[in-house]
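# Fold and contact review
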Amino acid sequence: MAEVGDCIFCRIVAGELPAEVVARSPHTLAFRDLDPQAPTHVLVVPTEHVADAAALGPEHAALLAELAVTAREVAEAEGVRDRGYRLVLNVGDDAGNTVPHLHLHVLGGRRLEWPPG
Ligand code: AMP
Ligand code: ZN
């Protein structure tokens, strides 16, 4: 498990690593995924380090709502709100989670298969 100091998303939040930021709020930052899987593929992260969705508790209720609001603002700004978009939180190896800092994928701009592969 990465320490906060070498967490790549904490470093993006701190401005130490580059990212194409598309939205922000007091406790969230949204930036484009380096390896987009859809025309719109943005990651919304909390500015504080939270490992993953399994680490969320009642104390994160407001933060979780803020992540959802930022994701909706991203969808509106990207022009995908009306046609629809998918929000994904991967947890653990079977889900393909690779970065141990909570991130909400915002995917849209094409027909998304269900169930996902
Ligand atoms: P997950 O598989 O849910 O852990 O998703 C991690 C995502 O982070 C992947 O889609 C990667 O392409 C993306 N990613 C990794 N490093 C960066 C980075 N430096 N900037 C933007 N996206 C990144
Ligand atoms: Zn982090």
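Please refer to the structure placed before this passage.
Below, the structure is looked at part by part. (Residues numbered from 1 in each chain as written. Chains lettered and ligands numbered in written order. Predicted model: local features only at pLDDT ≥ 70, side-chain atom pairs only at ≥ 80, totals over all residues. Heavy atoms only, no water.)

Within the first shell, the zinc ion (ligand 2) binds the protein through Cys-7 (SG), Cys-10 (SG), His-49 (ND1) and His-101 (ND1), at distances of 2.0 to 2.3 Å. Each of the 4 donor atoms around the zinc ion (ligand 2) contributes to a set of angles spanning 103 to 118°, which defines the coordination as tetrahedral. (Donors = N, O, S within 2.8 Å, 3.2 Å for Na, K, Ca; no water. Tetrahedral: all angles 85-135°; square planar, octahedral: opposite > 155°, others 65-115°.)

This part is about the pattern of salt bridges. Within this structure, the stated rule accounts for 6 salt bridges. Ionic pairing is found between Arg-11 and Glu-16, a salt bridge with its closest N-O pair at 3.1 Å. A relative accessible area of 31% places Arg-11 in the partly exposed class. Of the charged contacts, one joins Glu-20 and Arg-32 as a salt bridge, the two residues approaching to 3.1 Å between their closest N and O atoms. Here Glu-20 is found in the loop between helix H1 (8–13) and strand E1 (21–25), whereas its partner Arg-32 is found in strand E2 (residues 28–32), with 12 residues between them in sequence. Classification of Arg-32 as partly exposed rests on a relative accessible area of 29%. (Salt bridge = Lys/Arg side-chain N within 4 Å of Asp/Glu carboxyl O. Buried < 20%, exposed > 50% of the residue type's maximum accessible area, 1.4 Å probe, protein only. Helix = DSSP H or I, 4+ residues; strand = E, 2+ residues; numbered from the N terminus.)

Before going further, it helps to examine the site of ligand 1. In the vicinity of ligand 1 there are 16 residues, among which Asp-33, Gly-96, Thr-98, His-103 and His-105 approach most closely. Thr-98 has a polar backbone atom sitting 2.7 Å from an oxygen atom of ligand 1. When ligand 1 is considered free in solution it has 500 Å² of accessible area, and contact with the protein chains removes 82% of it. Secondary structure elements with two or more residues in the shell around ligand 1: H1 and E2. The element contributing the most residues to the shell around ligand 1 is H1, with 3 residues. (Near = heavy atom within 4 Å. Polar contact = N/O pair within 3.5 Å; in protein donor to acceptor, adjacent residues only side chain to side chain. Areas by Shrake-Rupley, 256 points an atom, 1.4 Å probe, with all protein chains shown as cover.)

Attention now goes to the pairing of E2. With 4 of 5 residues buried, E2 is to be regarded as a mostly interior element. As paired elements, E1 and E2 share 4 bridges and run antiparallel to each other. Residue pairing across strands places Ser-25 opposite Thr-28, the latter belonging to E2. Linking E1 to E2, which pair antiparallel, is a turn of 2 residues. (Pairing = 2+ DSSP bridges.)

Further remarks concern helix H2 (residues 61–78). Helix length check: H2, at 18 residues, gives a terminal C-alpha distance of 26 Å against a target of 26 Å (1.5 Å per residue), a fit within 8%. Taken together, the buried positions of H2 are occupied by Leu-63, Glu-66, Leu-67, Thr-70, Ala-71, Val-74 and Ala-75. Buried residues along H2 sit against E1, E2, strand E3 (40–46), strand E4 (85–88) and strand E5 (104–108). Remark: Gly-79 follows H2 within two positions and exhibits a positive phi of approximately 75°. (Expected span 1.5 Å × (residues − 1). Contact = heavy atoms within 4.5 Å.)

Turning our eyes to something else, we now look at the packing of aromatic side chains. Counted according to the given criterion, the structure contains 1 aromatic pair. With a centroid separation of 5.3 Å and an interplanar angle of 75°, the aromatic rings of Phe-9 and Phe-31 are classed as edge-to-face. In this pair, Phe-9 is assigned in helix H1 and Phe-31 in strand E2, connecting sequence segments 22 residues apart. Of the two residues, Phe-9 and Phe-31, both sit in the buried class. (Phe/Tyr/Trp six-rings, centres within 6.5 Å; stacked < 30°, edge-to-face > 60°.)

These figures come from the coordinates and say nothing about function on their own.
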